[in-house]
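Okay, here's what each chain looks like letter by letter:
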Amino acid sequence: WELSRLQHLPQLAIFAKNNTEKQIDIIKEFRCQLLDFIMTNPIGMGVNWSCTMDVGIRASNVALALDWFIQLDTNNILDDWFKNVVTNYLLQHGNHIFNNFEYKEGLTSNHYLGNIAGLTFISSYLKGNKQLDFWLAYAIQELKNELPKQFFKDGSNFEGSTAYHRLSGEMFIYSFTIINAISEDRLQSISILPSKKYFTKAAYKKTTLNSSILITPQIAEYFYKMGEFSQAYRKPNGNISQVGDNDSGRFFKFTPCGEFISLNQAFDSYVNYKKTDEYTENNFWNENHINHDSFIAAINGLFNDSTKLDYSNNYKVEFQIVQNLVQPFTQPNFSSDIVTNETNVIDLAFRQFFSKDIKINSQSLQLNCFPDFGFISITNEIFYFSISFGANHQSHHSWGHQHNDKLAIEIQYNGKDILIDPGTYIYTPLPEKRNLFRSTFMHNTISIDNREQNSLVNARGGLFNVAKDTTTKIRKATSTHLIIQANYFDVKHIREVVI
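Residues numbered from 1 in each chain as written. Predicted model: local features only at pLDDT ≥ 70, side-chain atom pairs only at ≥ 80, totals over all residues. Heavy atoms only, no water.

1. Observations concerning a nonpolar patch on the surface
Here's step 1: A surface patch of nonpolar side chains, about 280 Å² in accessible area, is lined by Ile382, Tyr413 and Ile418.
Here's step 2: Along the chain, the position of Tyr413 falls in strand β7 (residues 408-413).
Here's step 3: The class for Tyr413 is partly exposed, based on a relative accessible area of 44%. (Patch = residues over 30% accessible without salt bridge, like charges linked within 9 Å, V, L, I, M, F, W, Y side chains within 5 Å. Areas by Shrake-Rupley, 256 points an atom, 1.4 Å probe, with all protein chains shown as cover. Salt bridge = Lys/Arg side-chain N within 4 Å of Asp/Glu carboxyl O. Helix = DSSP H or I, 4+ residues; strand = E, 2+ residues; numbered from the N terminus. Buried < 20%, exposed > 50% of the residue type's maximum accessible area, 1.4 Å probe, protein only.)

Shown next, in the form of structure tokens:
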């Protein structure tokens, strides 16, 4: 399922560019793999067409990889016949997406965003007919509509999950980047959306592409705050706090993130990885799904900011793609939102994030608060503390990717995790395990008589629903003193944290 997103194809193209002696072999490998996939995955048949978001992710990766490989192909290995086959396959992806939107009126999510992102890359890469122009105009307008729906003003994502914050953020930053590079002539030609006959019933909206300015200062501000939130939940060792679900979902994986481990370590780590005679390699690539530095690097590219830690140096591809295609923005001015009186976070005039430098016993620390998401962290180069209290009823309607982790804390010191979130395990095969890993009992908070903060359902139909039984509020937040309250049923839980 994951391999069928074909996210390794852009990686192959980057590898080919950096290894000229192997370039021809790599281009042939790309051709063979893609033709094999096309032949064994006919349009609309099988598991690889069951989720439209995956179709959108795959199409985006194929379009980008094809564009890069064609630029490298000086021997015409990717001939006109091959290009015809692949571009026709991309066009069929677009038709499939447009006729199978994961959309209900007023109810959208990362899935619908993945549909729109896929349509963006297909219609940006292909051109030449009114249908493609219409797809592009529709995708641009929907990206603009979805951004304020799916991200709060504090920069956090409405799914209530740090992992899904990265997934949805990647879809937005790269989609806006690619449409920003479209020629002015083409933008003018798509400025008016066509008539209702081009729309499915669910997709039809009486709207026009109302501006050729694709990344406005207001949109740039959303991205800046996304980056601030990502840095706030980043631990000093580069890993993140796992708040809510994590299915390791990505839009692009340009730069591999992980490490090689020995086969014996792999066998010890993964119960489904069995010792047999078929393994000839000495090393196993162990991917790191809880490092978001590549996403931060992409956002830094929008602001041409390569100064923050080493994100931009370690993830140059992500940084440069955005930097090269978008006129850099200056850092937004948030002076009106930054708290000068430390006594109480809820004194904020606007419910937006704030971040400020503080000192405790001569140590510099960063206090970060994101009240819309429900997250506070206090961190420096060696210390990390966070507390999760997300219960915003403006979040996704089902709270389907949230966990019962209210007032749960994580602590890391000097590279060593002291308290961590246990993660997600798996979604659908084992409902009881699914609910165990999102239960109150599994998190670093108080569990009273095994009662859940929010009711969970073991049946498969309830695996992406959490009853909204809990409310939370910040009672105090200063440099050294936090008091946060969670109420559910007859329980009133007040957690006090002193640094």
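2. Quick notes on the packing of aromatic side chains
Two measures describe an aromatic ring pair: the distance that separates the ring centres and the angle between the ring planes.
Here's step 1: Tallied over the full model, the rule gives 32 aromatic pairs.
Here's step 2: An angle of 15° between the planes, with centres 5.1 Å apart, marks the rings of Tyr425 and Phe437 as stacked. Here the residue Tyr425 occupies a position in the loop between β8 (416-419) and α14 (431-437), and Phe437 occupies one in helix α14, the gap between them amounting to 12 residues.
Here's step 3: For Phe437, a relative accessible area of 17% translates into the label buried.
Here's step 4: Cluster of aromatic residues (ring-pair linked, three or more members): Trp68, Phe121, Tyr174, Phe251, Phe252 and Phe254.
Here's step 5: Above the plane of the ring of Trp49 lies Arg58, whose end atom (NZ or CZ) is 4.7 Å from the centre.
Here's step 6: The lysine or arginine in question, Lys406, covers the ring of Trp399, its NZ or CZ lying 5.9 Å from the ring centre. (Phe/Tyr/Trp six-rings, centres within 6.5 Å; stacked < 30°, edge-to-face > 60°. Lys NZ or Arg CZ within 6 Å of the ring centre and 35° of its normal.)

3. What to know about the side chain of Asn291
Here's step 1: As for its position among the elements, Asn291 is in the loop between β2 (283-287) and α11 (293-302).
Here's step 2: The class of Asn291 is buried, set by a relative accessible area of 11%.
Here's step 3: A polar contact is formed between the side chain of Asn291 and the backbone oxygen of Gly238, at a distance of 3.3 Å.
Here's step 4: Within polar-contact distance, the side chain of Asn291 engages the backbone nitrogen of Asp293 at 2.9 Å.
Here's step 5: Residues in contact with Asn291, not counting those within four places in the same chain, are Arg166, Gly238, Asn239, Cys257 and Tyr315. (Polar contact = N/O pair within 3.5 Å; in protein donor to acceptor, adjacent residues only side chain to side chain. Contact = heavy atoms within 4.5 Å.)

4. As for helix α2 (residues 23-40)
Here's step 1: End to end, α2 covers 26 Å across 18 residues, agreeing with the expected 26 Å (1.5 Å per residue, within 8%).
Here's step 2: Those residues of α2 that fall on the buried side of the exposure criterion are Gln23, Ile26, Ile27, Phe30, Arg31, Leu34, Leu35, Phe37 and Ile38. The buried side chains of α2 occupy one side of the element, clustering within an arc of 165° when seen end-on. With respect to the buried face of α2, the exposed residues turned more than 90 degrees away are Asp25, Cys32, Met39 and Thr40.
Here's step 3: Considering only its buried residues, α2 is in contact with α1 (8-18), α3 (52-72) and α4 (80-99). (Expected span 1.5 Å × (residues − 1). Arc of directions from axis to C-beta.)

5. Remarks on the pattern of salt bridges
Here's step 1: Going through the model one piece at a time under the given rule, you end up with 15 salt bridges.
Here's step 2: Across the salt bridge formed by Lys225 and Glu221, the nearest N and O atoms sit 3.4 Å from each other. Of this pair, Lys225 and Glu221 both sit in helix α9 (residues 217-232), separated by four residues, roughly a single helical turn.
Here's step 3: Residue Lys225 is classed as buried on the basis of its relative accessible area of 3%.

6. Considerations on the sheet that holds strand β9 (residues 470-477)
Adjacent strands of a sheet pair through backbone hydrogen bonds, lying either parallel or antiparallel.
Here's step 1: Reading across the sheet, the three strands line up as β9-β10-β11 and stay open at both edges, with antiparallel pairing between neighbours. Each edge of the open sheet carries a strand with a single partner, namely β9 and β11 (491-498). Neighbour-to-neighbour, the strand axes of the sheet open up by a mean angle of 15°, direction not taken into account.
Here's step 2: Across eight bridges, the pairing between strand β10 (residues 481-488) and β11 is antiparallel. (Pairing = 2+ DSSP bridges. Axes fitted to C-alpha atoms, helices over the stretch in contact; angles between N-to-C directions.)

7. Description of the packing of α11 against helix α13 (residues 316-325)
Here's step 1: Where α11 meets α13, the axes come as close as 7 Å, and the angle between the chain directions of the two elements is 25°. As the angle between them shows, α11 and α13 are arranged roughly parallel. Remark: the crossing between α11 and α13 carries right-handed chirality. Of α13, the residues touching α11 (which contributes Ser294, Ala297, Ala298, Asn300, Gly301 and Leu302) are Glu318, Phe319, Val322 and Gln323.
Here's step 2: Grouping the amino acids of the contact of α11 with α13 by side-chain chemistry returns five nonpolar, four polar and one charged. (Parallel < 35°, antiparallel > 145°, perpendicular 65-115°, else oblique. Left-handed = near helix turned anticlockwise from the far one by under 90°. Nonpolar A, V, L, I, M, F, W, Y, C, P; charged D, E, K, R; others polar.)

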